[in-house]
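Spelled out, the chains give:
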Amino acid sequence: MSSDLSVELPRTPEAPSLARKALEDLDGALDPARMPDVRLLVSELITNSVKYGGEGPVRLEVAASPERIRAEIVDQGVGFTPKTRDAEDLDKVGGWGLHLVEHLTDRWGTHEGSTHVWFEMNLGRPG
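This one's a predicted model, so the numbers in the text were calculated from it and none came from an experiment. (Residues numbered from 1 in each chain as written. Predicted model: local features only at pLDDT ≥ 70, side-chain atom pairs only at ≥ 80, totals over all residues. Heavy atoms only, no water.)

**Q** Give me the lowdown on helix α2 (residues 35–52), citing residues and values where you can.
**A** If you check α2, its first and last C-alpha atoms are 25 Å apart, about what 18 residues at 1.5 Å a residue would give, namely 26 Å. When α2 is considered as a whole, its buried residues turn out to be M35, V38, L41, V42, S43, L45, I46 and S49. For α2, the elements touching its buried residues are β1 (3–9), α1 (15–23), β2 (58–64), β3 (68–74), α3 (97–104) and β5 (117–122). Immediately beyond the C-terminal end of α2, within one or two residues, lies G54, with a positive phi of roughly 90 degrees. (Helix = DSSP H or I, 4+ residues; strand = E, 2+ residues; numbered from the N terminus. Expected span 1.5 Å × (residues − 1). Buried < 20%, exposed > 50% of the residue type's maximum accessible area, 1.4 Å probe, protein only. Contact = heavy atoms within 4.5 Å.)

Structure (structure tokens):
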């Protein structure tokens, strides 16, 4: 069974909470053990959009199946180049969202020249 979710969120401090609430529509469609990571990553990316994404709403698109979840966060920002964290950054507060995405997903990326960020997580259970 596949499930899709598409929601426009206001560019306000409440947007991450609204995104987590919207993800409840996927309950039952995904392995419950993976939902905390999905909620965390969506919250981080929505927060980035609210802070850095320019004007207008933030759009959350999610496609989920028993094998995979793909989430996309789109805003009207002018784009950015993801930066790698290294050992000297360990004491810094903030800026860890993309680092979490890198480590908790199977694939992720951006659409060049935009603030359209996506990630995928494999969900298939071993047989």
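After that view, the rundown keeps rolling.
**Q** I'd like a description of the nonpolar core, backed by residues and values.
**A** Counting residues in hydrophobic clusters, the biggest one holds 27 residues, and the most contacted among them are V42, I46, L60 and I69. Elements with a contribution of two residues or more to this core: β1, α1, α2, β2, β3, α3 and β5. With six residues, the single largest contributor to this core is α2. With residues near it in sequence (within four places) discarded, V42 still touches A19, L23, L60, A71 and F119. (Core = buried A, V, L, I, M, F, W, Y, C linked by side-chain atoms within 4.5 Å.)

**Q** Explain the pairing of β5 to me, using residue names and the numbers behind them.
**A** With respect to burial, β5 is a largely interior element, five of its six residues being buried. For β3 and β5, the ladder comprises six bridges, and the chain directions are antiparallel. Paired with R70 across the two strands is E120, which belongs to β5. Sheet topology note: the strand β4 (residues 107–110)/β5 ladder contains four bridges and is antiparallel. Counterpart to W108 in the pairing with β5 is F119. (Pairing = 2+ DSSP bridges.)

**Q** Which residues make up the environment of D25, and what are the values?
**A** Position of D25 among the secondary structure elements: in the loop between α1 and α2. By relative accessible area, which is 61% here, D25 ends up exposed.

**Q** Please set out the pattern of salt bridges residue by residue, giving values where relevant.
**A** One pass over the structure, following the stated rule, counts six salt bridges. E120 serves as the salt-bridge partner of R68, at 3.0 Å between the closest nitrogen and oxygen. Note that R68 is positioned in strand β3 and E120 in strand β5, a separation of 52 residues in sequence. For R68, a relative accessible area of 36% puts it in the partly exposed group. Connected via shared salt-bridge partners are R68, R70, E72, R107 and E120. (Salt bridge = Lys/Arg side-chain N within 4 Å of Asp/Glu carboxyl O.)

**Q** I'd like a description of the sheet that holds β4, backed by residues and values.
**A** Spatially, the five strands line up as an open sheet ordered β1-β2-β3-β5-β4, and their pairing is antiparallel. Whereas interior strands pair on both sides, the edge strands pair on one side only; in this sheet they are β1 and β4. Strand-to-strand twist of the sheet, defined as the mean angle between neighbouring strand axes without regard to direction, takes the value 10 degrees. The pairing of β2 with β3 spans six bridges and is antiparallel. Bridge assignment links V62 to a residue of β3, and that residue is A71. Set on the sheet, α2 makes contact with β1, β2, β3 and β5; between it and β5 the angle comes to about 175 degrees. (Axes fitted to C-alpha atoms, helices over the stretch in contact; angles between N-to-C directions.)

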